[in-house]
Amino acid sequence: MAAPGVSAASVAGAGALSSGIAAGRAAAAAAPLALRIVAECPVSKARACELTLPHCAVSTPVFMPVGTQGTLKGITSSQLEALGCQICLGNTYHLGMRPGPELIKKANGLHGFMDWKRNLLTDSGGFQMVSLVELSEVTEEGVRFRSPYDGKEILLTPEESIGIQNSLGSDIMMQLDDVVSSTVTGPRVEEAMHRSIRWLDRCIKANGNPDRQNLFAIIQGGLDPELRKTCLEEMTKRAVPGFAIGGLSGGEEKEHFWKMVTLSTDHLPREKPRYLMGVGYATDLVVCVALGCDMFDCVFPTRTARFGSALVPWGSLQLKHKQFAKDFQPIDSDCECATCRRYSRAFLHALFKSDTAAMHHITVHNIAYQMSLMRLVRQSIVEQSFPAFVRRFMERMYSSQEKYPSWAVEALASVGITLE
């Protein structure tokens with residue numbers, strides 16, 4: 001029987017399924033990726049790994065800053081490299097629209113275009129089904145968008161998405177998946193999950209550079225455990241180099257969010273990297289490392305910097321507020337970034353009134369904070385002290401146990417970390 005909402009003619013059948021699995025195994029055999037597990041927490045599911053990719057090795061757990069159009073807003077590639085970033089993101093949909101894959105290919109790919117010598121991960125364009133939902137329509141063929149730039153209609157198919165990503169030359173490519181908001185329920189979630197499996201097979205076949213570019217599958221299924229399990233069972237039959245947990249961090253309740261994360265890591269292969277998409281808040285990162293995730297991305301650190309919000313181990317500082325007008329401390333006296341070494345809170349507060357350079361300085365700090373946090377997380381796993389690190393992190397972030405988010409307490413307890 002065809003999947004819900006799909007005619008029998010649109011499904012290639014068992015022969016195509018076997019072909020997709022075989023193609024996945026062949027691609028994985030040639031994949032330029034290796035994962036070495038360096039250490040595992042004896043209590044939780046946290047682990048520290050070394051992920052070998054074409055441009056450099058990546059130490060995990062890792063946070064990946066997002067450069068939507070080939071650049072992180074407010075920071076240069078050289079500054080990002082100096083902060084210790086080993087991998088960052090580009091957006092296939094936006095880069096495919098402007099400046100276009102043909103131009104980027106002439107610049108020796110996105111690495112050459114943005115002068116970035118380390119690793120790149122490109123998303124597939126699937127997320128724009130949610131973020132640009134008013135401008136898109138999904139069919140079995142692909143996603144039909146109306147360009148937000150000039151109003152032209154564009155069809156993004158799995159083959160087109162992979163073709164663009166091949167031109168960009170990213171180290172990790174994401175499959176095109178059928179994305180629905182995490183708050184959606186009902187038949188549309190099941191339809192999207194089944195379609196994402198079929199589109200994965202099309203993406204595997206379309207990859208022209210399996211010896212240079214790693215294609216990750218994206219687990220879908222919304223907040224339905226049975227749909228997630230079905231997707232996990234099917235996608236893990238395809239021997240792709242890595243897996244992402246998708247369809248979360250879209251406004252759902254945190255108690256549902258963490259349960260879908262831990263369900264997913266329970267069923268993903270131990271020897272493959274696990275990428276939790278769209279997660280960037282400090283508490284979320286620490287908790288989801290405990291739940292077994294290796295890789296994370298989010299626009300949050302750079303976006304919040306543009307509003308004057310500086311990330312610190314006890315939360316954030318809203319530097320546009322007048323309380324910082326005469327505060328001559330650095331953002332964080334323990335931070336070694338260029339912003340904290342050179343500028344005071346008072347200076348940044350004053351600069352915000354007259355110069356966009358303030359956004360740049362806070363962006364540098366926020367990325368430094370994320371990089372430092374993940375280094376400390378990794379170090380604690382290697383030193384076999386991760387549960388103690390989590391307790392110290394929570395104490396400093398929330399000051400008292402009464403303020404701990406109940407979902408985080410419950411999630412950590414589920415993997416053996418108590419916060420008493």
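You'll find the structure just up there.
Structural notes, computed from the coordinates. (Residues numbered from 1 in each chain as written. Predicted model: local features only at pLDDT ≥ 70, side-chain atom pairs only at ≥ 80, totals over all residues. Heavy atoms only, no water.)

1. Observations regarding the overall build of the chain
On a plain count of helices and strands, the chain comes out with 17 helices and 16 strands. When the accessible surface of the chain is totalled, it reaches about 17600 Å², and 52% of it is carbon and sulfur. (Helix = DSSP H or I, 4+ residues; strand = E, 2+ residues; numbered from the N terminus. Areas by Shrake-Rupley, 256 points an atom, 1.4 Å probe, with all protein chains shown as cover.)

2. Overview of the sheet that holds strand 7 (residues 136–138)
Reading across the sheet, the three strands line up as 7-8-9 and stay open at both edges, with antiparallel pairing between neighbours. For this open sheet the edge positions go to strand 7 and strand 9 (153–156), each flanked by a neighbour on one side alone. Put simply, the sheet's adjacent strands are angled 20° from each other on average, direction ignored. Taken together, the three bridges between strand 7 and strand 8 (residues 143–146) define a ladder with antiparallel strand orientation. Opposite V138, over in strand 8, you have V143 as the bridge partner. (Pairing = 2+ DSSP bridges. Axes fitted to C-alpha atoms, helices over the stretch in contact; angles between N-to-C directions.)

3. Describing the pairing of strand 15 (residues 309–312)
Both faces of strand 15 are covered, namely the face carrying S309 and L311 and the face carrying A310 and V312. Two elements, strand 15 and strand 16 (residues 315–318), share four bridges in a ladder whose sense is antiparallel. Bridge pairing in strand 16 places A310 opposite L317. (Buried < 20%, exposed > 50% of the residue type's maximum accessible area, 1.4 Å probe, protein only.)

4. Remarks on unusual backbone geometry
The omega angle of the peptide bond from T60 to P61 is 5°, so this bond is cis rather than trans. Among the structural elements, P61 can be located in the loop between strand 3 (57–60) and strand 4 (62–65). One non-glycine residue with positive phi stands out, namely S249, at about 55°. Position of S249 relative to the elements: it lies in the loop between strand 12 (242–245) and helix 10 (254–267). Residue S249 is classed as partly exposed on the basis of its relative accessible area, which comes to 35%.

5. Describing the packing of aromatic side chains
Evaluated as defined, the whole model comprises five aromatic pairs. Ring geometry for Y343 against F347: centres 4.9 Å apart, planes inclined by 15°, an arrangement best described as stacked. The class for F347 is partly exposed, based on a relative accessible area of 35%. Taking NZ or CZ as reference, K254 lies 5.0 Å from the ring centre of F257, over its face. (Phe/Tyr/Trp six-rings, centres within 6.5 Å; stacked < 30°, edge-to-face > 60°. Lys NZ or Arg CZ within 6 Å of the ring centre and 35° of its normal.)

6. Points about the side chain of S196
If you trace the backbone, S196 turns up in helix 8 (residues 187–206). Those residues in contact with S196, other than ones at most four positions away along the chain, are Q175, D177, D178, Q220 and M235. (Contact = heavy atoms within 4.5 Å.)

7. Focus on the side chain of Q220
Here Q220 lies in the loop between strand 11 (214–219) and helix 9 (225–235). Separated by 2.7 Å, the side chains of Q220 and D177 make a polar contact. With residues near it in sequence (within four places) discarded, Q220 still touches D177, D178, V179, M193, S196, L227, R228, C231, G246 and G247. (Polar contact = N/O pair within 3.5 Å; in protein donor to acceptor, adjacent residues only side chain to side chain.)

8. Overview of the nonpolar core
Judged by nonpolar contacts, the single largest core of 105 residues is most densely connected at F257, L276, F296, L373, F386, V390 and F393. Here the element with the most residues in this core is helix 15 (residues 357–382); it accounts for eleven residues. Those residues in contact with F296, other than ones at most four positions away along the chain, are P61, V62, F63, M64, Y275, L276, V279, L285, C288, V289 and M374. Formed by 20 residues, the second largest nonpolar core is a distinct cluster that contains L35, V62, L121 and M277. (Core = buried A, V, L, I, M, F, W, Y, C linked by side-chain atoms within 4.5 Å.)

9. Some remarks on the packing of helix 14 (residues 345–352) against helix 15
Close contact between helix 14 and helix 15 brings their axes to 8 Å; oriented N to C, the two are set at 140°. Considering their axes alone, helix 14 and helix 15 lie oblique with respect to each other. Only A357, A358, M359, H361 and I362 of helix 15 make contact with helix 14, whose side of the interface consists of F347, L348, L351 and F352. (Parallel < 35°, antiparallel > 145°, perpendicular 65-115°, else oblique.)

10. Let's talk about the environment of R146
Within the secondary structure, R146 is located in strand 8. Owing to a relative accessible area of 42%, R146 belongs among the partly exposed residues under this scheme. Taking the C-alpha atoms as reference points, R146 and S136, ten residues apart in sequence, are found 6.4 Å from one another.

11. Focus on the packing of helix 8 against helix 9
In contact at an axis separation of 10 Å, helix 8 and helix 9 are set at 10° when each is read in the N-to-C sense. Compared by their axis directions, helix 8 and helix 9 come out roughly parallel. Facing helix 8, whose interface residues are V189, E190, M193, S196, I197 and L200, helix 9 presents L227, T230, C231, E234 and M235. Counted by class, the contact of helix 8 with helix 9 contains seven nonpolar, two polar and two charged residues. (Nonpolar A, V, L, I, M, F, W, Y, C, P; charged D, E, K, R; others polar.)

12. Details of the environment of F347
Relative to the helices and strands, F347 resides in helix 14. Along the chain, F347 and D327 lie 20 residues apart, while their C-alpha atoms are 8.5 Å from each other.

13. Things to note about the sheet that holds strand 3
Strands sit in the order 1-2-3 across an open sheet of three strands; the sheet is antiparallel. Edge strands, defined here as strands with exactly one partner in the open sheet, are strand 1 (34–40) and strand 3. In this sheet, adjacent strand axes meet at a mean angle of 15° when their direction is disregarded.

14. A closer look at the environment of A338
As for its position among the elements, A338 is in helix 13 (residues 338–342). Looking at A338, the relative accessible area reads 32%, which means it is partly exposed. Here the alpha-carbon distance between A338 and H365, two residues 27 residues apart in the chain, equals 7.5 Å.

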